[in-house]
Amino acid sequence: MIPNVLRQAAMELRSLLLLRWTLLLPAAASIWMLLHTWRLRPESSQDINLYASDTHQMLLMLTTAIPLLLGVLLMRRDLLHPSAEWLFRLPLPAGGWMAAKWLAGLAYMTLYTLAVGAAYAASALRHGLPAASMGRQLALYGLLYEHAFAVSLALGLFLGVLLPLRFSLPAAFCAWVFGSLFLQAYIRPVYEWSWLKAFYLQPLFENSLLGNEVWSWPLARGELLRIMGFGAAFSLFLLVAGAALLGRSKPPLNRRRPWLLALVAMLAAAGAFAPFASLEAARDVHRAQLEQAAAGPDERLDPAAYRFRLERMDLRLKLAGDGSLVAEATLELPTEKGRLLPAERGRTLRYKEPGIVSLLLYPSLQVRSVQLNGVPIAWERKGDSIRFPELMLDRGRPVQTVEIRYGGRLDEWLSGPGGSESYLAFLRSDALYLPASLGWYPLPGGDTLLALDEDGRLLDRPSSALTPGAAYEVEASGFRAPLFGTLPEEPSADGAVRFRGVSGAGLTLVGGRFETVRREGEAIRIVTTPGNRDEAEAFLERFERRREGLEELAGAPLGAVRQLFFFPMHLIGAPVEAPSVNRSWHAENDTLFIPQTEHRNLDGYAEDALSDLLLFGDVGRGEAMARENALEDPSGSESVALAIRSAYAFLYNKQRGPDEPYRIEAEELPAWRSMRALIQAAYDRGHAALAREVLEQFRSRGLALPEPPRSGAGERMAAAAPPYVTVDEFMKEWRARMPDDRWPPMTDDEGG
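Basis of the calculations
- Residue numbers here run from 1 along each chain, matching the order of that chain's written sequence.
- Per-residue local features are limited, in this predicted model, to residues with pLDDT of at least 70; the limit for side-chain atom pairs, both in listing and counting, is 80 or more; totals at the level of whole chains, interfaces and linings are taken over all residues.
- For the side-chain quantities, the full set of heavy atoms in the structure was used; hydrogens and water were omitted.
- Think of it this way: any DSSP run of H or I at least four residues long counts as a helix, any run of E at least two long counts as a strand, and we number them from the N terminus.
- Burial status follows relative accessibility: with a 1.4 Å probe on protein chains alone, a residue under 20% of its type maximum counts as buried, one over 50% as exposed, and anything between as partly exposed.
- Whether two residues are in contact is decided by their heavy atoms, any of which lying within 4.5 Å being enough.
- Accessible surface is estimated by sampling points in the Shrake-Rupley manner with a 1.4 Å probe; for residues, cover comes only from the protein chains shown.
- Only four residue types enter the tally: Lys and Arg on the positive side, Asp and Glu on the negative side; His and the chain ends are excluded.
- We put the charge of a Lys on NZ, of an Arg on CZ, of an Asp on CG and of a Glu on CD.
- What pLDDT conveys is the predictor's confidence in a given residue, as a value from 0 to 100.
- Any two rings among Phe, Tyr and Trp, with Trp reduced to its six-membered ring, count as a pair given centres within 6.5 Å; such a pair is stacked if its planes are under 30 degrees apart, edge-to-face if over 60, and tilted if neither.
- In this scheme, the term charge over a ring applies when either NZ of a lysine or CZ of an arginine sits within 6 Å of the ring centre and within 35 degrees of the ring normal.

Engineer: Can you explain the overall build of the protein? Please cite residues and give values.
Structural biologist: When helices and strands are counted, the protein shows 18 helices and 25 strands. On the principal axes, the C-alpha backbone points of the protein span a range of 110 × 70 × 55 Å. Per-residue burial over the protein gives 56% buried out of 752 residues. Contacts in the protein between residues at least 24 apart in sequence constitute 74% of all its contacts with a sequence separation of at least 6. Of the roughly 31700 Å² of accessible surface on the protein, a fraction of 58% belongs to carbon and sulfur atoms. Distance between charge centroids for the protein: 9 Å, based on 79 positive and 87 negative side chains.

Engineer: Would you mind going over the confidence of the model for the protein in detail, with residue names and values included?
Structural biologist: Mean pLDDT for the protein: 88, with 93% of residues reaching 70 or above. Contacts of residues 578-582 to residues separated by more than four positions or lying in other chains number eleven contacts, the stretch itself having pLDDT below 50. Segment residues 748-752 is flagged for pLDDT under 50; beyond a separation of four residues in sequence, or across chains, it makes nine contacts in the model.

Engineer: How would you summarise the packing of aromatic side chains if you had to cite specific residues and measurements?
Structural biologist: In this structure the tally under the stated criterion is 33 aromatic pairs. Aromatic side chains Phe178 and Phe182 sit 5.9 Å apart centroid to centroid with 35° between the ring planes, which places their arrangement in the tilted category. Pair noted here: Phe178 and Phe182 are both in helix H8 (residues 165-191), with a separation of four residues, about one helical turn. Summarising the aromatic geometry, the rings of Phe199 and Phe273 are spaced 5.7 Å apart at their centres and angled 40° between planes, so their arrangement reads as tilted. You can see Phe199 sitting in the loop between H8 and helix H9 (216-245) and its partner Phe273 sitting in helix H10 (residues 256-293), a full 74 residues away along the chain. Put simply, the rings of Tyr191, Trp193, Trp195, Phe199, Phe230, Phe234, Phe237, Phe273 and Phe276 touch in pairs and so form one group of aromatic residues. A cation over a ring is seen here: Arg546 above Tyr662, with NZ or CZ 4.8 Å from the ring centre. The ring of Trp585 carries the charged tip of Arg600 above its face, separated from the ring centre by 5.7 Å.

What follows is the structure in C-alpha cells.
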C-alpha cells in the first residue's frame, strides 16, 4: 500500500504546485526574513541570530494558518468535486488517502522551511556568522517549523472531513487564532497553566526560553521533545479519526475497524501527553517546596546581620554521569574563643536561633555528611540551612574547618507573571548557570536564599553571596562545555577547570558554547555568543582608546575588570512581568554583566558603564537616583560627588575629542554647571593636570553610588550610602593645588 500512498501523494503535490500562486508564498516568507536580517541598524545589536529569532516568531505564527487552510481545501476539494467518485474507487483505503494528502501538504510546507532557512543563511553569511552557529540555528528552527506544520496540517485535514466547507474554513481560522496566538498571548499568561504549551500550534510566540543561541536548546530540549512527541501522537489521532469519518463517503469493508483504530490512537495520544504532564507536575511540586523555604514579604531579615566571617573556601565539583552535581566544600571560619566573628567589622553577629551555627545551601541540594575540624558531627537540615550547635566549635582553635559533602540536580525553572519563564540556576553537561547568590555552595550565615514577593512569587536574593575578603579555590571537572567564572581561571593540564581568587561576592559559574573575544594589548575579554563576535571585537577596539584616556586621567593603570559577559540573559533570574524586560547590567568581582537585547548592545552606554566601573567601582545605575535627590534637595547643601564624577567625563571629552564621548551624569545639576566653569577655566589656563590631581583626591576616597536593587527582594549590592562631598571640601582641595588666581565661584556666595 505504501507505493500507492506515495504515488497519490505525488499527484496531490503536483496539483498544488500547478496552482502557481502557491510558489509565491514561500518566496514572500524568505523576503520577510531578509528584510529583518540583511541589514541591521547600527544603533542596535549586531547579533543576527537575535533578530532571526524574533522574525521566526512572527513568521511561524502567520504561516501556521497556511497548512490549516490547505488541509481543509485538500479535503473539501475532492469531497465536493464530481471526480471524487472515481477517486474513491482507487485501490487505496481511507487511511492511505488521508496519509497521501498529509504527505503532500507537508512536502509543500517544507518549501517554507527551506525558503526561510535559505534567507537566514544568506544573511548569516553576509554577517560572517560561524558555520557551526548557523547550522545549529537552522536545525533548531527547521525542526520547530516542521513540527508546527505537521500538526496544523493534520488538524486542517480533520476539520475538512468533519465539517462542510462553510463551517470548516471558519473553524480552521479560529483554530489558527486560538492555537498560534490566543493560548500564548492571553490564556496562559492569565491563568498560568503551563500544560497548555502542549496544545500550541507553534511554540515560538511569547516563548521566553528561546533567543539565546547557546542556552536555548539545552534548556528547552526536554520540554520541546516531550511536546513534539505528543504532537506527533495527536496528529496521528487526527489522521486516523479523519479516515474513520471518511467512511461516510467511502465505506470500508469493516465499519468498526477505523473507529477502533481511532480509539487506540486517542489513547496513544493521551499516553504521549503523560511525559509532558509529569514534567509540569514535578515543576509545580518543586516550586511549592522552594516557596516553603523562602522568606515572606514580612519575614525578610537583613542578611548582613547574620553573616559571619569566612576566611577561605575550597570547592571540588564534579558533574556525574546522570547530570547531578557531586561536591565537597571546605570552609575555614575564624573564631575567637569558640565564637564566630561578624563578616563586617563593627557589626554584632546575630543568630536566628541562639547558639546555632547556620550555613546556607540551596534546598535542591542534598547534604551527605558534615565534619568539623576533621570529626563527623550531628547536624540538621532545615529548608535552605545546615545547622549545628556553636558549642561544637573548638575554643582553642583560631580557625575552624567545616567540611561538607553534598550534591544533587539543579534545574530551577520558574514561571512568572505574563507567562514568562526563566531559570534561577541550571546544570547540564553542555550548559551551566550557577549564580553565587543561589547558594550552590555553602554560604556563611545570612537570612534566606529565596524570598516571596507580595503575590507569593519566588525571588532570588543577590546579596546572599556577599563574603567580604574570602579566598576561594575551586576545581570543576566532568563538564563538556567551556566554563567561565567571576574569579580568575588557572591553567590546568588534567582537564579540570580551576578558579582562584579573593572575592567579596562569591563565585558565579557560566558554561556553554560561548565565544571568548580578546584583543592584543587589552586586558578585558568578552564572553559572548558566536553571533556577537564582530560586535565584541569592535567594542574592544573602541574601548582601547577609551582606556588610554581614562588611565591618563587617573594617572595609573585601571585593572579592576577582567571580563565582560554579553549575551541574552532574560532566561536567568526571577521571572519578570514581560519577557522583553531583562536583567539589569551589574558587576560581580572583576566581571561586568551586560544583558543583550535587540536594543541593548555594546554601544556608548556599555562603554560608559565599563568606564564607571573602572574608575568608581559601580556601573552607573545609581546616577539617576543621585541626580533626582540632588535636584530635590532644597537646602542647597547637596553633595557634589556626582559632579566630580562628571568632571572625569568632561576632561576625557576635552582631551579625546567628540567621536566617542563619555556621557556626563550631572548635566542638569547647578553644582555641575559651576564645577564645569571652574574646570574649563583651569583647562584654558593650562592647569588640566592640577585639576586631575584634585579629582583624584576624591576618587581615592570613594565615589561609588548606591545602585538600584537587582531583585524584587530589595537587596543592594553596591555602596550602601551615597558619597557626600561638600562644596567647601572640594574648594579646599582646589585651592591647595591651584595657583592663587581668580577662579569662577562654585556657588553664588562662594569666593574664587
